[in-house]
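Coordinates in review
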Amino acid sequence: MSLLKLGLIINPVAGMGGAVGLKGTDGVLEEALARGAVPRAGARASRALEVLLSLKKEMVILTPAGDMGEVIVKELGFGCQLLSPGNSKRINDVGMKNEPGASHSTTSEDTRHAARELMETGVSLILFVGGDGTARDVYAAVGEKVSVVGVPAGVKIHSPVYALSPEKAGEMARRFLRREIAQLKSEEVLDIDEAAYRRGSVSTRLYGYLRVPDEARLMQGRKSGSSLADEGAQKAIALRVVDSMAPDVVYVIGPGSTTRQVMAALDLPATLLGVDLVLNRRLVGSDATEKEILTAIKGKECRLVITPIGGQGYIFGRGNQQLSPAVIRQAGREHVTIMAALTKINALGGKPLMVDTGDESLDLELEGYYKVMTGYKDSIMYSVKRS
């Protein structure tokens, strides 16, 4: 009996820029490390592969050396077949190891090289771990010639080629390898200019399509923006938040066009894609990192003011990693304010709001029903679940 072949590619630096306020890692790895960023992709890859442990004796995983796959695969005891090395140069000048099989600064070409080789070996499925940039690289290498599933690990994830969570990606791979999912569909590969993104400008571009197993309940949707029709509702909700602000409470204003209206109502400068801090209606922190937020709220009452990602419904874990598990725990779930125009909620089609903080116990604690502000006097109770 021939072994099932699964391809695995991990972008080991994916998502490292989130908690330190860089809104991505492309081109700013050294700065991310200097700010204290830590890798997160390996842990998320491990969570996905753990779902496949029941198939351990039936499969072999083809993967690049080191932290692009080998380390995690061997730690979990899977059969491992290494791909040929790419052309990236291992470096040690940004705080990463310079040893055989150790972490190294990967490039887009490393991902593309691995994806091309996996396609040539005839794997049944490629599981790749990263964000939208990683999806772009996989698409550039294989197009729609190979079945793929993305494991979400990046800061920004607009592309609907990613599963809802690492565990859902593992479940998708397991069911596909067992032929419990036969149909494939083409999904968009979307990405934005990270340099412009850090300046507060969002311009999403379609790069192509990847073929993913057709199982909508396991996959995240495409991110969608707010419409001009929502602006009136956003302003009304913002006025409600401002009118209810209490003295000596730190308000942590999360990213998004909806939360930006709170800053506008206060006549304060806003960071559209970052986190701002308000105390007694004055700006006390702009584009704050996780560390800066924790310092600002230490020993103080605080409230997290957030809005779901349009089309996806995430309130934590996508695009706002500065609001880390440590920040959320310090604030407390009872101090979470959710703002959303009713059209944004209706667009979810009854699906719950989602959390994917990377801390499984916290995600479980965050589940339940929350009041969502939809107007100046209007609210609805809405479900929040782990992704």
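Here the structure is a predicted model, which means the values were calculated and not measured.

**A short note on the overall build of the chain**
Helices and strands together make up the secondary structure of the chain, namely 13 helices and 16 strands. Put simply, the chain has 387 residues, and 55% of those count as buried. Taking the intrachain contacts of the chain between residues at least 6 apart in sequence as the baseline, contacts between residues at least 24 apart amount to 69%. If you sum the accessible surface of the chain, you get close to 16,300 Å²; carbon and sulfur atoms cover 48% of it.

**Looking at the pattern of salt bridges**
Scanning the entire structure with this criterion turns up 19 salt bridges. Residue R44 is joined to D356 by a salt bridge in which the shortest nitrogen-to-oxygen separation is 2.4 Å. Residue R44 is located in helix 2 (residues 41–50), and its partner D356 is located in the loop between strand 14 (353–355) and helix 13 (360–366); the two are separated by 312 residues in the primary sequence. For the pair shown, R44 and D356 are each scored as buried. Ionic pairing is found between E167 and R47, a salt bridge with its closest N-O pair at 2.7 Å. You can see E167 sitting in helix 6 (residues 166–177) and its partner R47 sitting in helix 2, a full 120 residues away along the chain. Assessed through its relative accessible area of 25%, E167 is described here as partly exposed. Where salt bridges share partners, they join R44, R47, E167, R318 and D356 into one cluster.

**A few points about the packing of aromatic side chains**
Counted by the stated rule, this structure contains 1 aromatic pair. Centroid distance F128 to Y162: 5.4 Å. Interplanar angle 70°. Geometry classified as edge-to-face. You can see F128 sitting in strand 4 (residues 125–130) and its partner Y162 sitting in the loop between strand 5 (148–152) and helix 6, a full 34 residues away along the chain. Y162 matches F128 in its accessibility class, with the two residues each being buried. One residue, R136, lies across the ring of Y207, its end atom 4.0 Å from the ring centre. The ring centre of Y314 lies 4.1 Å from the NZ or CZ of R318, which sits over that ring.

**Some details on the nonpolar core**
Counting 54 residues, the largest nonpolar core has L6, L49, L127 and F128 as its most contacted members. In contact with L49, not counting residues within four places along its chain, are L6, L8, I61, I72, V73, L76, F78 and L127. Core analysis: the second largest hydrophobic core is formed by 29 residues, V250, I306, V327 and V384 among them.

**Considerations on the sheet that holds strand 3 (residues 79–82)**
Taken in spatial order, the 5 strands line up as 3-2-1-4-5 in an open sheet, and their pairing is parallel. Either end of the sheet is taken by a strand with one partner, and the two such strands are strand 3 and strand 5. Within this sheet the neighbouring strands show an average axis-to-axis angle of 25°, counted without direction. Here 4 bridges tie strand 2 (residues 59–63) to strand 3, and the two strands are oriented parallel to one another. The residue of strand 3 that forms the bridge with V60 is G79. Sheet contacts for helix 5 (residues 132–142): strand 4 and strand 5; angle to strand 4, the most-contacted strand, approximately 145°.

**Points about unusual backbone geometry**
Most of the time, phi is negative for any residue but glycine, and the peptide bond is trans. Here the phi dihedral of R179 falls at roughly 65°; this positive angle occurs in a residue that is not glycine. On the secondary structure map, R179 appears in the loop between helix 6 and strand 6 (184–192). One non-glycine residue, D267, lies in positive phi territory at about 60°. Within the secondary structure, D267 sits in the loop between helix 9 (257–265) and strand 9 (276–279). Relative accessible area serves as the criterion here: at 69%, D267 is assigned to the exposed category.

**Examining the environment of L342**
Looking at the element boundaries, L342 is found in helix 12 (residues 342–346). Judged by its relative accessible area of 39%, L342 is partly exposed. Along the chain, L342 and V372 lie 30 residues apart, while their C-alpha atoms are 9.3 Å from each other. If sequence neighbours within four positions are ignored, L342 has contacts with T374 and I380.

**What about the packing of helix 8 (residues 231–243) against helix 9?**
Helix 9 packs onto helix 8 with a crossing angle of 55° between their chain directions and a minimal axis gap of 8 Å. The angle between helix 8 and helix 9 places the two elements in the oblique class. Relative to helix 9, the crossing made by helix 8 is right-handed. Contacts between helix 8 and helix 9 involve E231, Q234, K235, A238, L239, V241 and V242 from the former and S257, T258, Q261, V262 and A265 from the latter. Its residues placed into classes, the contact of helix 8 with helix 9 shows 6 nonpolar, 4 polar and 2 charged.

**Some words on the side chain of S46**
With respect to the helices and strands, S46 occurs in helix 2. When residues no more than four places from it in sequence are discounted, the contact partners of S46 are I72 and L76.

The rules behind these values
- Residues numbered from 1 in each chain as written.
- Predicted model: local features only at pLDDT ≥ 70, side-chain atom pairs only at ≥ 80, totals over all residues.
- Heavy atoms only, no water.
- Helix = DSSP H or I, 4+ residues; strand = E, 2+ residues; numbered from the N terminus.
- Buried < 20%, exposed > 50% of the residue type's maximum accessible area, 1.4 Å probe, protein only.
- Contact = heavy atoms within 4.5 Å.
- Areas by Shrake-Rupley, 256 points an atom, 1.4 Å probe, with all protein chains shown as cover.
- Salt bridge = Lys/Arg side-chain N within 4 Å of Asp/Glu carboxyl O.
- Phe/Tyr/Trp six-rings, centres within 6.5 Å; stacked < 30°, edge-to-face > 60°.
- Lys NZ or Arg CZ within 6 Å of the ring centre and 35° of its normal.
- Core = buried A, V, L, I, M, F, W, Y, C linked by side-chain atoms within 4.5 Å.
- Pairing = 2+ DSSP bridges.
- Axes fitted to C-alpha atoms, helices over the stretch in contact; angles between N-to-C directions.
- Parallel < 35°, antiparallel > 145°, perpendicular 65-115°, else oblique.
- Left-handed = near helix turned anticlockwise from the far one by under 90°.
- Nonpolar A, V, L, I, M, F, W, Y, C, P; charged D, E, K, R; others polar.

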